[in-house]
Amino acid sequence: MYRFAAMMAVVAGLAAAPAAAQDVGMGAEVFERCALCHDIGEGARNRQGPVLTGLFGRRAASVADFPYSPALREAGDGGLVWTAETVSDFIAKPRHFEPGTGMIFSGLKGEADIADVVAYIMTFQTPAQVELQLGQTLVETYCGACHAIGRDDASAHEAAPPFRTLDERYDVGDLEEGLVEGLVSGHPDMPEFAFEPEQAAAIVAYLRSLE
């Protein structure tokens, strides 16, 4: 059975900013330092740094068409997901958090500045959007090698049904308990998976979005 240690604490930090007091207005001002390289909001595009819209719940180094450093790509492949906690740690000391990153910014030193800018970035996502993003990240990471996980892709494994058709077989909400306890059925060579309850809920939310 596979328990995903790299993502165990993901959800706990997704919708909660750091413990320090937060001021979104101040966060917008602090973000001006980030805006030298990063874009965020409607119509945002990759610049010297990747777009930050939809950051929380996203796997590291997963924005399309951005030339990430090998170090950050390796971190993403290893299960690094952006949460309030991981983003806070990263922007405090980018090169210490992820040695080899291509980010040239040395980091924010004040805890208040970090909390404020994280709170500001969070205003661009609702909790439901964060949950949906996490669900997509999880199925891409752990199911995408066999199953079609989008609206029009094909499954790589001939015995693995596309996730968009699961609702034709049963209520996908019934999967939630199985995802926590460990799925032992599926295509013949499917590995056994088990997720944390919050992760299972996020996966179900994503599956429902495909209906």
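To be clear, the structure that these remarks concern was listed above.
Cut-offs and rules
Per chain, the residues get numbers from 1 upward, laid out in the order the sequence is written. Given that the model is predicted, a residue must reach a pLDDT of at least 70 before its local features are reported, and side-chain atom pairs must reach 80 or more before they are shown or counted; all residues, however, enter totals for whole chains, interfaces and linings. The basis for every side-chain value is the complete set of non-hydrogen atoms in the structure, without hydrogens or water. Exposure categories follow from relative accessible area, calculated using a 1.4 Å probe and restricted to protein chains: below 20% of the type maximum is buried, above 50% is exposed, and the middle band is partly exposed. Per the convention used, a helix needs a DSSP run of H or I reaching at least four residues, while a strand needs a run of E reaching at least two, with both numbered from the N terminus. Think of the arc as the fan of directions from the helix axis to the C-beta atoms. Whether two residues are in contact is decided by their heavy atoms: any pair within 4.5 Å suffices. Counted as a polar contact is a pair of N or O atoms within 3.5 Å, where, for protein atoms, one must be capable of donating a hydrogen and the other of accepting one, and residues adjacent in sequence contribute only when both atoms are in side chains. Working definition of a nonpolar core: buried Ala, Val, Leu, Ile, Met, Phe, Trp, Tyr and Cys residues. They are joined through side-chain atoms within 4.5 Å. A pair of aromatic rings is counted whenever rings of Phe, Tyr or Trp (Trp by its six-membered ring) have centres within 6.5 Å, and the orientation is called stacked for planes under 30 degrees apart, edge-to-face for over 60 and tilted otherwise. The charge count treats Lys and Arg as positive and Asp and Glu as negative. His and the chain ends do not count. We define a salt bridge as a side-chain nitrogen of Lys or Arg found within 4 Å of a carboxyl oxygen belonging to Asp or Glu.

Buried residues of helix α2 (residues 70–77): Ala 71, Leu 72, Ala 75 and Gly 76, and no others. Across the axial projection of α2, the buried residues extend over an arc of 135°, all falling on one side. Exposed residues lying more than 90 degrees from the buried face of α2 are Pro 70, Glu 74 and Asp 77. A positive backbone phi angle near 110° is found at Gly 79, which sits one or two residues after α2.

With that settled, consider helix α1 (residues 24–34). Of all the residues in α1, the buried ones are Gly 27, Val 30, Phe 31 and Cys 34. The arc that holds the buried residues of α1, viewed along the axis, is 110°, so those residues lie on one side. Buried residues along α1 sit in contact with α5 (111–122). Between the side-chain oxygen at the start of α1 and the backbone nitrogen of Gly 25 there is a gap of 3.0 Å, and the oxygen is on Asp 23.

In this structure, Phe 31, Phe 56, Trp 82, Val 87, Ile 91, Val 117 and Val 118 are the most contacted members of the largest nonpolar core, which totals 29 residues. By residue number, the principal contributor to this core is α5, which donates six residues. If you look at the next biggest cluster of nonpolar residues, it comprises 21 residues, including Leu 134, Val 139, Phe 163 and Ala 202.

All told, the structure shown has seven aromatic pairs when counted by the stated rule. Ring centres 5.6 Å apart and planes at 90° place the aromatic pair Phe 90 and Phe 97 in the edge-to-face group. For Phe 90, a relative accessible area of 9% gives the class buried. Judged by its relative accessible area of 24%, Phe 97 falls in the partly exposed class.

For the rest of this paragraph, the subject is the side chain of Arg 58. Within the fold, Arg 58 resides in the loop between α1 and α2. The charged side chain of Arg 58 is buried without a salt bridge, its nearest counter-charge being Glu 140 at 9.3 Å. Among the polar contacts listed, one links the side chain of Arg 58 to the backbone oxygen of Val 51, at a separation of 2.9 Å. Beyond its immediate stretch of four places on either side in the chain, Arg 58 contacts Val 51, Leu 52, Thr 53, Val 63, Leu 80, Val 81, Trp 82, Gln 133 and Thr 137.

Moving on to the pattern of salt bridges. Summed over the entire model, instances satisfying the criterion amount to four salt bridges. Notably, a salt bridge pairs Arg 33 with Asp 113, separated by 3.5 Å at the nearest N-O pair. Placement of Arg 33 in helix α1 and of Asp 113 in helix α5 is noted, with a sequence separation of 80 residues between them. According to the relative accessible area criterion, Asp 113 is partly exposed, its value standing at 23%. Arg 164 is the partner of Asp 153 in a salt bridge, and the nearest nitrogen-oxygen pair spans 3.3 Å. Pair noted here: Asp 153 is in the loop between α6 (127–142) and α7 (175–181) and Arg 164 is in the loop between α6 and α7, with a separation of eleven residues, a long-range link. A residue is classified by how much of its surface remains accessible, and Asp 153, at 27% relative accessible area, is partly exposed. For Arg 164, a relative accessible area of 24% corresponds to the partly exposed category.

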